[in-house]
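# Observations on chain architecture
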Amino acid sequence: QVQLVESGGGLVQPGGSLRLSCAASGSIFSINAMGWYRQAPGKQRELVAAITSGGSTNYADSVKGRFTISRDNAKNTVYLQMNSLKPEDTAVYYCNADLLIIVGLGYMNYWGQGTQVTVSS
């Protein structure tokens, strides 16, 4: 069974840091782009950061200079280092990845179950 499992969420004070991890497991031939999205209460899910298999990255304007996305291809894992956290960063953070499960069917998009990040004093 292929799945994305996130970890690292929690409660942190404004100005603090958290590091999210997302590991892809199962019979995976290849992973293309990986990314992090977030959804705050009453708001639409939005892209936070994404990284290609070659390491190219892009970020939402709201997190540029504070968040860093990275990946370890040997471990099928993507990370999100979040620094200088603000209350408006509070949301459920979801991992997303394009996975090649069966050769010939192309990459399919998968989501993790989400991890809560709360920034509050």
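The structure we're discussing is the one just above.
In this text the structure is predicted, and so the values were computed from the model without any measurement.

The next point concerns the pairing of strand β10 (residues 107-111). Along any regular strand the residues' side chains alternate between the sheet's two faces. Pairing between strand β9 (residues 91-100) and β10: five bridges, direction antiparallel. Looking at β10, one finds that Asp98 is bridged to Asn109.

Attention now goes to the layout of surface pockets. Size it by volume and the largest pocket reaches roughly 180 Å³. Lining the largest pocket we find 13 residues, and of these Arg38, Ala40, Lys43, Glu46 and Glu88 sit closest to its centre. Along the lines of polarity and charge, the residues of the lining of the largest pocket split into two nonpolar, four polar and seven charged.

Counted according to the given criterion, the structure contains four salt bridges. Between Arg38 and Asp89 there is a salt bridge, with its nearest N and O atoms 3.0 Å apart. Separated by 51 residues along the polypeptide, Arg38 in strand β4 (residues 30-39) and Asp89 in the loop between β8 (77-82) and β9 bring together distant segments of the chain. Residue class for Arg38 comes out buried when judged on its relative accessible area of 6%. Residue Asp89 is classed as buried on the basis of its relative accessible area of 1%.

We now examine the nonpolar core. Ranked by internal contacts, the top residues of the largest apolar core, which has 31 residues, are Trp36, Leu80, Met82 and Tyr93. Of all the elements, β9 adds the most residues to this core, at five residues. Residues contacting Met82, with those up to four places away along its chain left out, are Gly16, Ser17, Leu18, Leu20, Arg66, Phe67, Tyr93 and Val117.

So, on to the environment of Ala24. Locating Ala24 in the fold gives a position in strand β3 (residues 18-25). With a relative accessible area of 8%, Ala24 lands in the buried category. Not counting residues within four places of it along the chain, the set of residues in contact with Ala24 comprises Gln3, Leu4, Ile31 and Asn76.

Here we take up the sheet that holds β8. Read across the open sheet, the four strands follow the order β1-β3-β8-β7; overall the sheet is antiparallel. The strands lining the two open edges of the sheet, one partner per strand, are β1 (3-7) and β7 (67-72). Within the sheet, the average angular offset between the axes of one strand and its neighbour, ignoring direction, is 15°. Pairing geometry for β1 and β3, over five bridges, is antiparallel. Of the residues in β3, the one forming a bridge with Leu4 is Ala24.

Conventions we followed
- Residues numbered from 1 in each chain as written.
- Predicted model: local features only at pLDDT ≥ 70, side-chain atom pairs only at ≥ 80, totals over all residues.
- Heavy atoms only, no water.
- Pairing = 2+ DSSP bridges.
- Helix = DSSP H or I, 4+ residues; strand = E, 2+ residues; numbered from the N terminus.
- 1 Å grid on protein atoms, 1.4 Å probe; cavity = no way out; pocket = protein on both sides within 12 Å on 5 of 7 lines; lining within 4 Å.
- Points joined across faces, edges and corners; volume = space filled by probe spheres on them.
- Nonpolar A, V, L, I, M, F, W, Y, C, P; charged D, E, K, R; others polar.
- Salt bridge = Lys/Arg side-chain N within 4 Å of Asp/Glu carboxyl O.
- Buried < 20%, exposed > 50% of the residue type's maximum accessible area, 1.4 Å probe, protein only.
- Core = buried A, V, L, I, M, F, W, Y, C linked by side-chain atoms within 4.5 Å.
- Contact = heavy atoms within 4.5 Å.
- Axes fitted to C-alpha atoms, helices over the stretch in contact; angles between N-to-C directions.

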